[in-house]
Amino acid sequence: MQIFSTNENNSIKQACDALSHGEIIIYPTETCYGIAADATNNEAVTKLLSYKGDRHRQVAIAVDSREMAEKYVVINSIASNLYKNFLPGPITVISKSRHIVDERLESAEGSLGIRIPDYNFALQL
């Protein structure tokens, strides 16, 4: 494991390199620390779930915008209102998944949680 400051010029590049190689990272958000893995990489998701342990709690994915969220979920009118009025921010919006991510990140009903953090490092990541 490597530890580096989020204030370093190359910290985003280092984190992205680790994610692209199937590693997991821990990063700050506006509320707490998040655990990140490439949600489309099955081996990375296995590492994440093993590290996380508790599978009774769903895992949300973090994105940088509504446009990015629309790659992963179908945004209905209720979700659209939440995106418009509360994101970025410390909430998770649950929507119907487009089944792009590892299926273990989705609920049994096929939904997926999306977060848009209100924290610059997380948004860049």
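Overview of the structure. Source: prediction; values computed, not measured.

Parameters at a glance
Residues numbered from 1 in each chain as written. Predicted model: local features only at pLDDT ≥ 70, side-chain atom pairs only at ≥ 80, totals over all residues. Heavy atoms only, no water. Helix = DSSP H or I, 4+ residues; strand = E, 2+ residues; numbered from the N terminus. Rg over C-alpha atoms; globule rule 2.2 N^0.38 Å. Buried < 20%, exposed > 50% of the residue type's maximum accessible area, 1.4 Å probe, protein only. Contact = heavy atoms within 4.5 Å. Areas by Shrake-Rupley, 256 points an atom, 1.4 Å probe, with all protein chains shown as cover. Phe/Tyr/Trp six-rings, centres within 6.5 Å; stacked < 30°, edge-to-face > 60°. Lys NZ or Arg CZ within 6 Å of the ring centre and 35° of its normal. Pairing = 2+ DSSP bridges.

Let's talk about the overall build of the chain
Step number 1: Each helix and strand in the chain was counted, giving 5 helices and 6 strands.
Step number 2: Counting from the amino terminus, helix and strand elements in the chain follow one another as α-β-β-α-β-α-β-α-β-β-α.
Step number 3: On C-alpha atoms alone, the chain measures out to a radius of gyration of 14 Å, which is about the 14 Å that the 2.2 N^0.38 rule sets for 125 residues.
Step number 4: If one aligns the C-alpha atoms of the chain with their principal axes, the spans along those axes are about 40 × 30 × 20 Å.
Step number 5: Out of the 125 residues in the chain, the part that is buried amounts to 37%.
Step number 6: Taking contacts inside the chain between residues at least 6 apart in sequence as the whole, the part at least 24 apart equals 54%.
Step number 7: Accessible surface for the chain amounts to roughly 7,900 Å². Of this, 50% is attributable to carbon and sulfur atoms.

Structural notes on the packing of aromatic side chains
The description of two aromatic rings rests on the distance between their centres and on the angle between their planes.
Step number 1: Under the counting rule described, the total for this entry stands at 0 aromatic pairs.
Step number 2: Here the guanidinium or amino end of Arg66 rests over the ring plane of Tyr83, the centre of that ring lying 6.0 Å away.

Some details on the pairing of strand E2 (residues 33-36)
The side chains of a regular strand alternate, first on one face of the sheet and then on the other.
Step number 1: Where burial is concerned, the two faces of E2 differ: the one with Gly34 and Ala36 is buried and the one with Tyr33 and Ile35 is not.
Step number 2: Direction of pairing for strand E1 (residues 25-28) relative to E2: antiparallel, over a ladder of 4 bridges. Across the sheet, the residue bridging to Tyr27 is Gly34, located in E2.

A closer look at the pairing of strand E5 (residues 93-97)
Step number 1: Pairing analysis gives 2 bridges linking strand E4 (residues 73-74) to E5, with the strands arranged antiparallel. Bridge assignment links Val73 to a residue of E5, and that residue is Ser97.
Step number 2: As paired elements, E5 and strand E6 (residues 111-115) share 4 bridges and run antiparallel to each other. The residue of E6 that forms the bridge with Lys96 is Ser111.

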